[in-house]
Every structure is written in C-alpha cells, then in structure tokens.
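Observations on the model geometry
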Amino acid sequence: MDKKLISEYAKITLEIGVNLQKGQGLEVICPVDLPFLAEAFAEEGYKLGAKIVHITWEDERVERLNFLYAKTDTLTDIPKWQIDKKNYLLDNNFCYVAIASENPSAFSDCDEAKLSAYAKAKGLKMKKFSDAVMVNKLRWCVVSYPTKEWANTVFPSSSNAEEKLLNAIIKTMRLDKDNPVFEWKKHIETLEKRAEFLNKQNFEYLDYQIVNAFNQSAVTFVVKLDSKYQPSKINPSLEIPVLTSSKVSPSSYVLGRVIPSANVPAKSDPSFSFLFS
C-alpha cells in the first residue's frame, strides 16, 4: 500500500468500523512489523477528534517463545495490570481496533495444553471486557493485513501470493473505490434494506451454497435463524450507530447454528433465491 491508501485504510476503519467520535480515546492493537499502520491510525484518529491514541504492540514470535519455554502456571497467571487496562478501555468509552496480521502456523510447535490453559485463564480474567465486546458495549473492529505465511496458505501455488492477498483485502474494504467511506455508507444502506426484507419474511431457515472460485466445488449448509438480522446497532449510552455483522443477543453472539439438511422442513420458495451481497 502507498501512503494515501494506508491513510484511507485507517480512516475507513475508524469512521465506519468503530465510528470514532470527537473526544473519545482510541486503542489500537498492532503487530510490531507494521509501525506504518500504527502511525496512520494515530494520525487519522486525531484528525477525527480522538482525545488520545494508545498503541499496544504485539509480536507473535516472542509470544511463541513464551509458550515454548514458560511454565503453564506462569502463563495462566494473568497480570492484574492487563485486566485493569482492558477494563479501563471499557469504563472510559474507548474505541478498540485490532490489526490481524499473523502466521497461521506460528504456534504449531507449541504445547496445545499450554495454549488451551492460557486461553481459558485469559478468558476468565477478561470476562468483563469480552462480554462487553460480545454485546457491543465497546465499539470495536478487527482489520487485516497480509503476511507472507498467511498469503502462501491462501494462495499456495502463486508466486505473488502476498500481493494477491493484499489486493483482496483492498477490494473487500472498498479501498479500490474513489470514495471508500461513501461506498461503505451506501453498502450499509443496502444491508439495512435487505435486513428489513428478511425480517418481514420471518424465515425459519436459510439454505446457503458457497462455491469455491478456484475449483468450482460447492458446499451447501443450512442455518436456523435464532434472531433477527440487524446489520447496525446503536450504542445505548451515546446513540452512536455501529456497523456489526449480525444481531448480537445477550445469550449468543452467533446468528444461527448449522444443522443437517435432513432436519430442515421440506418447504422452500425459489422466488427468494437472489443474491445477498
């Protein structure tokens, strides 16, 4: 990405992804290999009126060494300052952005029992924060940036895998458009209309077919709808709209559950077979 595109990347994440407001704090989780993204998020955050921007650096290579050499009881002793920091973000109405840029096999040689124990301990200690994230009390967004290892996993036979993955991310984020923020707002309006349509139909199930663009194979699955579609939510304390992927209820953050096709009532209407994109 050139500098202009990097700025647009940060701007669209902050303006659309978390809807950063003037006077709010911003927390950005950033891999140590991507300082240019941290700088862009800080600059765009301040341009949008952030009162402060905090950058938390992550290094999965050092994290891997922790899992290789530290004892389990040490790893599961989650420091109080880490818990307090997350709760501070929540209690002080920060926006939270995490930049995902990982090696899919970074921890493949680590003890699975250690990884599991750490995840469980962290989940318990960070419950207040994670529960708030699940019900959108905290405005948050996860964005991605390619790594060589991730790109080679997605495009194993390509000689320019990293570039292809980056271009895919650019397209997905609408950064290839003249005005990405406008395009996203238009897309959200479309999602709202389609959500309204789906809710009015009161469907019990949706039958999906996903086609693999590389080998044209198809996977079909059925989703039982447990809640209404709601592509955007309102922060109850600030009345600020926030884009979300689906309605999130207090008891579940999953829109539906995948069930075997044989268990689905044999009723369908082909007139509703149109693309939701």
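It should be noted that the structure appears before, not after, this text.
On to unusual backbone geometry, then. In this structure, Asn19 takes a positive phi of about 50° despite not being glycine. Within the fold, Asn19 resides in the loop between helix H1 (3-17) and strand S1 (25-31). Note on Asn19: relative accessible area 17%, which makes it buried. Residues other than glycine seldom take positive phi values, yet Asn136 does so here, at roughly 60°. Following the sequence through the fold, Asn136 ends up in the loop between helix H7 (127-134) and strand S4 (139-144).

Before going further, it helps to spend a moment on the pairing of strand S3 (residues 95-100). Along S3, 5 of the 6 residues are buried, which leaves the element largely enclosed by surrounding structure. Summarising the sheet, S1 and S3 pair through 4 bridges and their orientation is parallel. Among the inter-strand pairings, Leu26 is bridged to a residue of S3, identified as Cys95. Of the pairings in the sheet, the one linking S3 to S4 comprises 6 bridges and is parallel in character. Residue pairing in the sheet places Ala100 in a bridge with Ser144 of S4.

The next point concerns the environment of Thr56. Mapping Thr56 onto the fold places it in strand S2 (residues 52-58). Contact partners of Thr56, with chain neighbours within four places excluded, come to Glu27, Val28, Ile29, Cys30 and Lys85. A polar contact of 2.4 Å, which involves the side chain of Thr56, links it to the side chain of Glu27.

Right, let's talk about the pattern of salt bridges for a bit. Summed over all chains, the structure comprises 12 salt bridges. Measuring nitrogen to oxygen at the nearest pair gives 2.7 Å for the salt bridge that ties Lys80 to Asp84. Residue Lys80 and its partner Asp84 are both found in helix H5 (residues 80-91); the two are separated by 4 residues, about one turn of the helix. Residue classification places Lys80 among the exposed positions, given a relative accessible area of 59%. Three or more residues joined by partner-sharing salt bridges are found here, namely Asp33, Asp59 and Arg61.

Definitions and limits used
- Residues numbered from 1 in each chain as written.
- Predicted model: local features only at pLDDT ≥ 70, side-chain atom pairs only at ≥ 80, totals over all residues.
- Heavy atoms only, no water.
- Helix = DSSP H or I, 4+ residues; strand = E, 2+ residues; numbered from the N terminus.
- Buried < 20%, exposed > 50% of the residue type's maximum accessible area, 1.4 Å probe, protein only.
- Pairing = 2+ DSSP bridges.
- Contact = heavy atoms within 4.5 Å.
- Polar contact = N/O pair within 3.5 Å; in protein donor to acceptor, adjacent residues only side chain to side chain.
- Salt bridge = Lys/Arg side-chain N within 4 Å of Asp/Glu carboxyl O.

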